[in-house]
Amino acid sequence: MTATSKAPTAGAPSMAHDSGELAADYEKLSASRQFETGKRLAADLAIGAGERVLDIGCGTGLLAEHIAGLVGPDGRVLGIDPLPLRIEVAQARTLANLAFEVGDANDLGALPEAGFDVVVLNAVFHWLPDKPRALVQFARVLRRGGRIGISTRPPNAAGGARHPVYEAMARAMAEPPFDRYPRPRGSFVSQVDAGEMRALLVAAGFMPTRIEVRPSAQVHATPEAAVRFSEASSFGNLLGHLPPELRPAARAAMAAKLAALMTPEGIVQQGRRLVAMAVRR
Ligand SMILES: C[S@@+](CC[C@H](N)C(=O)[O-])C[C@H]1O[C@@H](n2cnc3c(N)ncnc32)[C@H](O)[C@@H]1O
């Protein structure tokens, strides 16, 4: 099985801001949140022995390794991600039924049609600007009756305010000198709500079986850890629009705003996850 990488879609997040340090930090920091939501998604999808699973946007491969345990020696798991440095970390996981390749959700042309029983996207869908195009590709690589599971960041609840953690970071970026460098439109996350998710899945040839928004909490030990988490999970896009020499000051400015959210337990980020599961028609 092979997948190829392709030039990013215009308006997409950049793949050029990642670093070995961010990849290593993501491997550590994702264990307390993304890995937990991913394991629950895998359980909800009832991934079982012998299945062929494609983990799209696998990052450093923690979840793919977990799924390799679920499918056992008769199954196989392929993790793909456009970031070579994350795939490098993932490839240190050496299970016989597990493989990783650099690859992009927008270009699965090198993967066999109907070659998988399950497709998983954990904390990835909100990074895809062209969701209809990507979903058609996911449907192509899944066999009829195969399942897709998506756990993603939803938009703010209708009329709801931005999360205090994101609000604090945005306030720091709205001040000089950072305000001279607005983030290009469309270059960060693009979220969909439950209704939009359902419509997208149906249009791409899926039958939704479960779509729900779940609470998902995360605790950051310090304000600096909260900034680092956002930087690592956005593969550097949090500050990628700033000149490199301004980034240390931007991290400090964000941490200063986030300090107001500290509790004795740390910064408790009460988030939400949109979870969608569907069957390929
Ligand atoms: C927050 S990380 C999630 C990683 C992993 N799925 C996990 O559960 O820890 C988001 C991942 O989405 C990947 N990603 C972003 N755009 C993508 C695309 N067009 N195709 C595939 N993966 C993409 C990033 O490279 C990054 O590794």
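Placed above this text is the structure.
Since this is a predicted model, take the numbers as computed values, not measurements. (Residues numbered from 1 in each chain as written. Predicted model: local features only at pLDDT ≥ 70, side-chain atom pairs only at ≥ 80, totals over all residues. Heavy atoms only, no water.)

**Some points on the overall build of the protein**
Counting its secondary structure elements, the protein contains nine helices and seven strands. Compactness check: the protein gives a C-alpha radius of gyration of 18 Å against a globular reference of 19 Å for 281 residues, within 12% of the reference. In terms of overall dimensions, the protein has a C-alpha envelope of 55 × 40 × 40 Å along the principal axes. Within the protein, the proportion of its 281 residues that are buried is 52%. Restricting the contact set of the protein to residue pairs at least 6 apart, pairs at least 24 apart contribute 82%. (Helix = DSSP H or I, 4+ residues; strand = E, 2+ residues; numbered from the N terminus. Rg over C-alpha atoms; globule rule 2.2 N^0.38 Å. Buried < 20%, exposed > 50% of the residue type's maximum accessible area, 1.4 Å probe, protein only. Contact = heavy atoms within 4.5 Å.)

**Topic: the pattern of salt bridges**
The full count for this structure, using the stated rule, is 17 salt bridges. For Glu21, the salt bridge identified is with Arg228, shortest N-O distance 3.6 Å. Remark: Arg228 occurs in helix H8 (residues 223–233) and Glu21 occurs in helix H1 (residues 20–29); sequence separation between them is 207 residues. In this structure, Glu231 and Arg251 form a salt bridge, with 2.8 Å as the shortest nitrogen-oxygen distance. (Salt bridge = Lys/Arg side-chain N within 4 Å of Asp/Glu carboxyl O.)

**Notes on the site of the ligand**
Around the ligand, the surrounding shell holds 19 residues, and the nearest of these are Tyr26, Gly57, Asp81, Ala105 and Asn122. Gly57 has a polar backbone atom sitting 2.7 Å from a nitrogen atom of the ligand. Relative to its unbound accessible area of 590 Å², the ligand is 97% covered by the protein chains. Among the residues forming the shell around the ligand, the class breakdown is eleven nonpolar, six polar and two charged. (Near = heavy atom within 4 Å. Polar contact = N/O pair within 3.5 Å; in protein donor to acceptor, adjacent residues only side chain to side chain. Areas by Shrake-Rupley, 256 points an atom, 1.4 Å probe, with all protein chains shown as cover. Nonpolar A, V, L, I, M, F, W, Y, C, P; charged D, E, K, R; others polar.)

**Details of the packing of H8 against helix H9 (residues 247–258)**
Across the interface, H8 lies against H9 with an axial gap of 8 Å and an inter-helix angle of 125°. Of the possible angle classes, the one that applies to H8 and H9 is oblique. Seen from above, H8 lies across H9 with right-handed handedness. Note on element contacts: H9 touches H8 through Arg251, Met254, Ala255 and Leu258, opposite Pro223, Glu224, Ala226, Val227, Arg228 and Glu231. Among the residues forming the contact of H8 with H9, the class breakdown is six nonpolar, no polar and four charged. (Axes fitted to C-alpha atoms, helices over the stretch in contact; angles between N-to-C directions. Parallel < 35°, antiparallel > 145°, perpendicular 65-115°, else oblique. Left-handed = near helix turned anticlockwise from the far one by under 90°.)

**Quick notes on the nonpolar core**
Among the nonpolar cores identified, the biggest contains 31 residues, and Leu54, Leu135, Phe138, Ile148, Leu201 and Phe206 are the most heavily contacted of them. Among the secondary structure elements, those contributing two or more residues to this core are strand E1 (52–56), strand E2 (76–81), strand E4 (116–122), helix H5 (131–141), strand E5 (142–152), helix H7 (194–203), strand E6 (206–220) and strand E7 (267–280). Among the elements that line this core, the one with the most residues is H5, at five residues. Among all residues touching Leu201, those that are not within four sequence positions of it are Leu135, Ile148, Ile150, Phe206, Pro208, Ile211, Ala276 and Ala278. (Core = buried A, V, L, I, M, F, W, Y, C linked by side-chain atoms within 4.5 Å.)

**Concerning the sheet that holds E6**
Across the sheet, seven strands lie side by side as E3-E2-E1-E4-E5-E7-E6; this open sheet has mixed pairing. Only two strands of the sheet have a single neighbouring strand rather than two, namely strand E3 (98–102) and E6. For this sheet, the mean angle separating the axes of adjacent strands, direction not counted, is 15°. Two strands pair when backbone bridges link them, and E4 and E5 are joined in this way by six bridges, in the parallel orientation. The residue of E5 that forms the bridge with Phe116 is Leu142. Contacting E1, E2, E3 and E4, helix H3 (residues 62–71) crosses the sheet at an angle of about 165° to E2. (Pairing = 2+ DSSP bridges.)

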